[in-house]
Amino acid sequence: MAKTSEHKTNVMRILEQRKISYTAHSYAHEEGVPVDGVTVAERMGQNPGQVFKTLVARGASKAYYVFDVPVAKSLDLKKAARAVGEKSIEMIPVREITALTGYVRGGCSPIGMKKQFPTVLDATALAYETIVVSGGKIGTQVELSPRDLLHLVRGTAADITVDA
């Protein structure tokens with residue numbers, strides 16, 4: 001288990017409870033100033049292909065889904081809909097993120113949301129030994145095995161991206 005500074009997030013507590021090995025990372029950010037994922041990867045010295053952003057969408061059925069994609073890519077809505085068996089999906093409005101997930105925009109993690117939604121990880125993650133996802137707050141990331149992540153969130157992997 002990785003030991004972190006005194007600022008352990010709920011994501012880290014969940015990983016430790018489940019005995020999932022991870023490494024905590026932090027990056028410099030200015031309070032209230034959003035930072036895009038590629039910049040986050042650069043600030044941490046990480047390959048942008050291994051750093052994943054967490055996106056939340058709603059299907060035509062009104063069900064919610066979580067998609068994790070590399071920060072330099074975009075979610076392909078048609079591929080994502082197929083991956084979850086929906087006719088179509090749309091991104092949720094930013095104003096709904098906190099109420100739905102418990103996380104703020106820019107700090108949304110697939111781990112530890114208020115409710116566990118069906119989660120799909122872009123298949124490119126499986127080519128890496130470890131990937132990086134949000135640690136549950138802006139400025140904090142966790143690095144872990146993509147297989148451990150999938151097991152933890154009971155997720156699946158699929159081709160769900162398009163180059164940004």
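All figures in this text were calculated on a predicted structure; none of them were measured in a lab. (Residues numbered from 1 in each chain as written. Predicted model: local features only at pLDDT ≥ 70, side-chain atom pairs only at ≥ 80, totals over all residues. Heavy atoms only, no water.)

On to the overall build of the protein chain, then. Assigned secondary structure in the protein chain consists of five helices and 10 strands. Compactness check: the protein chain gives a C-alpha radius of gyration of 15 Å against a globular reference of 15 Å for 164 residues, within 12% of the reference. Principal axes of the C-alpha set define a box for the protein chain whose edges measure 45 × 30 × 30 Å. Counting every position in the protein chain, which comprises 164 residues, the buried fraction comes to 46%. (Helix = DSSP H or I, 4+ residues; strand = E, 2+ residues; numbered from the N terminus. Rg over C-alpha atoms; globule rule 2.2 N^0.38 Å. Buried < 20%, exposed > 50% of the residue type's maximum accessible area, 1.4 Å probe, protein only.)

The next subject is the packing of aromatic side chains. Applying the stated criterion across every chain yields a total of two aromatic pairs. A centroid spacing of 6.4 Å and a plane angle of 40 degrees characterise the contact between Tyr65 and Phe67, whose relative ring orientation is tilted. For the pair Tyr65 and Phe67, a shared accessibility class is recorded, and that class is buried. (Phe/Tyr/Trp six-rings, centres within 6.5 Å; stacked < 30°, edge-to-face > 60°.)

Once that is clear, we can look at the sheet that holds strand S5 (residues 89-91). Read across the sheet, five strands follow the order S5-S2-S3-S6-S9 without closing on themselves; strand pairing throughout is mixed. Where the open sheet ends on each side, the last strands, each with one partner, are S5 and strand S9 (156-158). Averaged over all pairs of adjacent strands, the angle between their axes in this sheet comes to 35 degrees, without regard to strand direction. In this fold helix H3 (residues 77-84) packs onto strand S3 (64-70), S5, strand S6 (119-122) and S9, with an angle of close to 120 degrees to the strand it touches most, S5. (Pairing = 2+ DSSP bridges. Axes fitted to C-alpha atoms, helices over the stretch in contact; angles between N-to-C directions. Contact = heavy atoms within 4.5 Å.)

Core analysis: the largest hydrophobic core is formed by 27 residues, its most contacted members being Leu15, Ile111, Val133, Val142, Leu144 and Leu149. For this core, the secondary structure elements donating two or more residues are helix H1 (10-17), strand S2 (52-59), helix H4 (97-101), strand S7 (131-137), strand S8 (140-144) and helix H5 (146-153). Once residues within four sequence positions are removed from consideration, Leu149 is found in contact with Pro110, Ile111, Leu121, Ile131, Val133 and Leu144. Among the nonpolar cores identified, the runner-up in size contains 12 residues, and Ala80, Ile89, Val120 and Ile160 belong to it. (Core = buried A, V, L, I, M, F, W, Y, C linked by side-chain atoms within 4.5 Å.)

This brings us to the confidence of the model for the protein chain. Confidence in the prediction for the protein chain averages 92 pLDDT; 94% of positions are at 70 or higher. Segment residues 1-5 is flagged for pLDDT under 50; beyond a separation of four residues in sequence, or across chains, it makes 12 contacts in the model. (pLDDT = per-residue confidence, 0-100.)

Attention now moves to the side chain of Glu143. Looking at the secondary structure, you find Glu143 in strand S8. Of the side chains with opposite charge, Arg147 comes closest to the buried, unpaired Glu143, at an N-O distance of 13 Å. In this structure the side chain of Glu143 is engaged in a polar contact, spanning 2.6 Å, whose partner is the side chain of His25. Of note is the side chain of Glu143, whose polar atom sits 2.7 Å from the side chain of Thr130. With residues near it in sequence (within four places) discarded, Glu143 still touches Ser21, Tyr22, Thr23, His25, Gln46, Thr130, Ile131 and Val132. (Lys, Arg positive; Asp, Glu negative; His and termini not counted. Salt bridge = Lys/Arg side-chain N within 4 Å of Asp/Glu carboxyl O. Polar contact = N/O pair within 3.5 Å; in protein donor to acceptor, adjacent residues only side chain to side chain.)

For the rest of this paragraph, the subject is the pattern of salt bridges. Taken as a whole and judged by the stated rule, the model has four salt bridges. A salt bridge links Lys8 to Glu16; the shortest N-O distance between them is 3.1 Å. Note that Arg58 is salt-bridged to Glu96, the shortest N-O span being 3.2 Å. Highlighted residues: Arg58 in strand S2 and Glu96 in the loop between S5 and H4, separated in sequence by 38 residues.

Time to look at the sheet that holds strand S1 (residues 23-26). Reading across from one edge, S1-S8-S7 is the order of the three strands in this open sheet, with antiparallel pairing throughout. Two strands lie at the open edges of the sheet, namely S1 and S7, each paired on one side alone. Going from strand to strand, the sheet's axes swing by 35 degrees on average, the running direction of each strand aside. Helix-sheet contacts for H1 involve S1, S7 and S8, and the interaxial angle to S8 is about 25 degrees.

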